[in-house]
Amino acid sequence: MNFARAGGLPGVDAENPITLTVTGRVSRAVVPDLCAELERALAGPRGAALAPGAAVDCDVGGVVRPDLTAVEAVARLALVARRAGHTLRLRRAEPEFRALLDLVGLAEVVALEEGPEERVPEAH
């Protein structure tokens, strides 16, 4: 399982300088490290640059076989973001991950980035 802070990535909102990327299989052992990484990012200069209530991006597109441990990680990351006055926005969540989040009621707690297949085309 890997995680990293990133900035200036293609497709990342320029107004949001913090993106946490989670890849691989999420184990219980790494959840505290993920939370600590997000806390450090929010306490640093990039975190101070975020507008109050702004979303912090968490790219979960590389998570392998999402399970309840990955859902727990998202819940704890959302708590860290909320304590700092922000929300957590998941990017690139696979349908299986979205279904788990919905099943446990977390889909209402975190912002889920819409995938291209979910966007409603504009009427012309």
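Anyway, here's the lowdown on the structure attached to this text. (Residues numbered from 1 in each chain as written. Predicted model: local features only at pLDDT ≥ 70, side-chain atom pairs only at ≥ 80, totals over all residues. Heavy atoms only, no water.)

Structural notes on the environment of Arg89
Cut-off, in case you're wondering: Segments assigned H or I by DSSP are reported as helices when at least four residues long, segments assigned E as strands when at least two residues long, and all are numbered from the N terminus. Exposure classes here rest on a 1.4 Å probe applied to the protein chains alone. A residue is buried below 20% of its type maximum, exposed above 50%, and partly exposed in between. By the criterion applied in these results, polar contacts are pairs of N or O atoms within 3.5 Å in which, for protein atoms, one can donate a hydrogen and the other can accept it, and in which residues neighboring in sequence qualify only through two side-chain atoms.
Topologically, Arg89 is positioned in strand S4 (residues 87-91). Taking relative accessible area as the criterion, Arg89 reaches 22% and is therefore assigned partly exposed. Through-space distance from the C-alpha of Arg89 to that of Glu113 is 6.6 Å; in sequence the pair is 24 residues apart. Here Asp57 takes part through its side chain, which lies 2.5 Å from a polar atom of the side chain of Arg89.

Some points on the nonpolar core
Stated formally: Only buried residues count toward a nonpolar core. Its members are Ala, Val, Leu, Ile, Met, Phe, Trp, Tyr and Cys residues joined through side-chain atoms within 4.5 Å.
Ranked by internal contacts, the top residues of the largest apolar core, which has 33 residues, are Val26, Leu38, Cys58, Leu77, Leu88, Leu90 and Phe97. Here this core takes eight residues from helix H3 (residues 68-83), the largest share from any one element.

Let's talk about helix H4 (residues 95-103)
Applicable threshold: Picture the helix axis, draw a direction to every C-beta atom, and the arc is the one those directions span. By definition, residues are in contact when any of their heavy atoms lie within 4.5 Å.
Within the span of H4, buried status applies to Phe97, Arg98, Leu100 and Leu101. Viewed along the axis of H4, the buried residues span an arc of 160°, placing them on a single side of the element. Residues of H4 that are exposed and point over 90 degrees away from its buried face: Pro95, Glu96, Asp102 and Leu103. At its buried positions, H4 is contacted by strand S3 (55-63), H3, S4 and strand S5 (111-112). Gly105 occupies a position one or two residues after H4 and carries a positive phi of about 85°.

Brief notes about the packing of helix H1 (residues 31-43) against H3
What counts, and what does not: Working convention: axes come from line fits to C-alpha atoms, limited for helices to the stretch in contact. Angles between N-to-C directions cover 0 to 180 degrees. Oblique is the label for any angle not under 35 degrees, not over 145, and not in the 65 to 115 range, which are roughly parallel, roughly antiparallel and roughly perpendicular in turn. The handedness criterion is simple: a crossing whose near helix is rotated anticlockwise from the far helix by less than a right angle is left-handed, and one whose near helix is rotated clockwise is right-handed.
Between H1 and H3, the shortest axis-to-axis distance is 9 Å and the interhelical angle comes to 25°. Here H1 is positioned roughly parallel relative to H3, judged by the angle of their axes. The interaxial crossing formed by H1 with H3 has right-handed handedness. Between H1, through Val31, Pro32, Leu34, Cys35, Leu38, Glu39 and Leu42, and H3, the contact on the second element is made entirely by Thr69, Ala73, Arg76, Leu77, Val80 and Ala81.

Purely spatial values, then, with no claim about function.
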